[in-house]
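Geometric and topological summary
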Amino acid sequence: MPLRPAGLTAPLRRLSSALVPVVALLSLSLPAVAAPEDDLPVTEIQSFAEVFERIKRAYVEEVDDATLLRNATRGMLSELDPHSTYLDAEAYQSLRESTEGEFGGVGIEVGRRDGQLTVITPIDDTPASRAGLQAQDMILRIDDTPTEGLSLQEAVELMRGEPGTTLRMTIMRQGEDAPRSVEVEREIIRTQSVRHERLAPDYGYLRISQFQSRTGEQVIEALEALSEDGPLEGLVLDLRNNPGGVLQAAVDVADAFLDSGLIVYTEGRLADSAMRFSAGRQTAAPTVPLVVLINGGSASAAEIVAGALQDQRRGVVMGTESFGKGSVQQIMPLGDGEALKLTTALYFTPDGRSIQAQGIVPDVEVVRGRLEIAEGNGLRVREADLEGHLTGEQAGAAAGATSDRLRDDYQLGEALNLLKALNVLRQRDAPMSEAPEPAE
């Protein structure tokens, strides 16, 4: 038995007593894992016990054992990776609300990059998106609280609050010299994860803002609605600024466009963390030409869908490189409404590419831009400007209608242009493949 300094015997005894219910609870919640070959590191346990005891005796304010142990748990998880965390009852409830698509707050997904609290993406049609927050904005302060040293959970708790109250954030944006202050009013966030519309005649637009439990069903409904006016000649699947969400929802969305083949697989240390997901034969849109839009705010489940469609050669991925969150978090309830969110596996695309810290590289890179009218363009004269010009036959006003989205979204416009070009090439190739055999 290893020797212990005399002064640590009592702290170790108290610490051991405090840890017993925690260890018992974890043993009931976690899957069985083979015992390590080596025993617990006694020196580190002694050091932990000494720190525990000194805080109890010397800290300026009295702290109870339960608070110290929770903080120790948070510390253990926060040092593993940016996505493993301890969820108290309130945080666990917030996570479930977010998954179901309704929660209170400002509608922003945050993470850490180089130790700095950073916007992954603002959710569509929320106070954050309406205030102009963008992916990769660095959040320096939340109201009067500096974000340096805050855990992700602490930052989220500061941003959430009663609907109607105001939240002030100080952010730093890439390319700007000074921070800016942004005010947003909190509200109940009810997110519709899927939206659709016609971009132009015969061309559809499908936007997924995040992956919730019903996203797969909503995609099928949107595809059916888009096809009511006739078959589509092309579709833009917009996954930009999509922070991810439910894994099964990502599989369901990819399955809507694939009729066979692997979608994603995971690998981890636990036996149940190795999973494979494949497409089924019943597919909503197996042949419609497809362009997938991604950017630096596309993460996790969004990257699964983009990677699957890219590896299966089902669509052209366009935009900029994605975020690179390829890790799987498992939610492990601990009782009393609390839970553990622990990274247990990594995602891999059908071709075996790891998404983690790599991201999805688009087939066609198109950076964000804005179309502007060239100077002097108003001086050009066209036939239609001449007095008394002849009027050609119209195919109908509705046939030429295009979405207002195309005016200010350069990437979306390029996606539509690519779909039209693909259809031109396909139509040109069709007569050659159907041409009769030459007479002898």
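Below you will find a few notes about this structure.

Procedures and definitions
Residues numbered from 1 in each chain as written. Predicted model: local features only at pLDDT ≥ 70, side-chain atom pairs only at ≥ 80, totals over all residues. Heavy atoms only, no water. Helix = DSSP H or I, 4+ residues; strand = E, 2+ residues; numbered from the N terminus. Buried < 20%, exposed > 50% of the residue type's maximum accessible area, 1.4 Å probe, protein only. Salt bridge = Lys/Arg side-chain N within 4 Å of Asp/Glu carboxyl O. Pairing = 2+ DSSP bridges. Axes fitted to C-alpha atoms, helices over the stretch in contact; angles between N-to-C directions. Parallel < 35°, antiparallel > 145°, perpendicular 65-115°, else oblique. Left-handed = near helix turned anticlockwise from the far one by under 90°. Contact = heavy atoms within 4.5 Å. Nonpolar A, V, L, I, M, F, W, Y, C, P; charged D, E, K, R; others polar. Core = buried A, V, L, I, M, F, W, Y, C linked by side-chain atoms within 4.5 Å.

**Some words on unusual backbone geometry**
Of note in this structure, N241 is not a glycine but carries a positive phi near 55°. When you line up the elements, N241 lands in the loop between β12 (234-238) and α8 (247-255). Phi angles above zero are rare outside glycine, and D336 is one such case at about 55°. Within the fold, D336 resides in the loop between β17 (327-335) and β18 (338-348). Relative accessible area serves as the criterion here: at 75%, D336 is assigned to the exposed category.

**A look at the pattern of salt bridges**
This model, assessed by the stated rule, comprises 18 salt bridges. Salt-bridge contacts for D351 lead to R313; the nearest nitrogen and oxygen are separated by 3.7 Å. Here the residue D351 occupies a position in the loop between β18 and β19 (364-365), and R313 occupies one in the loop between α9 (301-311) and β16 (316-319), the gap between them amounting to 38 residues. A relative accessible area of 64% places R313 in the exposed class. One connected set of salt bridges, linked through shared partners, spans R207, D238, R240 and D409.

**Comments concerning the pairing of β12**
Where burial is concerned, most of β12 is hidden: 5 out of the 5 residues are buried. Of the two faces of β12, the one holding G234, V236 and D238 and the one holding L235 and L237 are both buried throughout. Of the pairings in the sheet, the one linking strand β11 (residues 203-208) to β12 comprises 5 bridges and is parallel in character. Looking at β12, one finds that R207 is bridged to D238.

**What to know about α9**
Counting buried residues in α9 gives 11 out of 11 residues, a clear majority hidden from the surface. All of the buried residues along α9 are A301, A302, E303, I304, V305, A306, G307, A308, L309, Q310 and D311. Phi turns positive one or two residues past the end of α9, at R313, with a value near 55°.

**A few points about the packing of α8 against α9**
Running from amino to carboxyl end, α8 crosses α9 at an angle of 30°, the nearest separation of the two axes being 9 Å. Considering the angle they form, α8 stands roughly parallel to α9. As for how α8 packs across α9, the hand of that crossing is right-handed. Across from L247, A250, V253 and A254 in α8, the residues of α9 making contact are A301, I304, V305, A308 and L309. Its residues placed into classes, the contact of α8 with α9 shows 9 nonpolar, no polar and no charged.

**A few points about the nonpolar core**
Soluble globular proteins tend to pack their nonpolar side chains together in the buried interior. F211, L237, L239 and F257 are the most contacted members of the largest nonpolar core, which has 43 residues in total. Of all elements in the fold, only β11, α7 (215-226), β12, α8, β13 (262-268), β15 (290-294), α9 and β18 reach the threshold of two or more residues within this core. By residue number, the principal contributor to this core is α9, which donates 7 residues. With residues near it in sequence (within four places) discarded, F257 still touches L206, L223, L235, L237, T283, A285, P286, L290, L309 and R314. In this structure, V119, L133, I139 and M159 belong to the second largest nonpolar core, which totals 16 residues.

Honestly, it's all geometry; don't read function into it.
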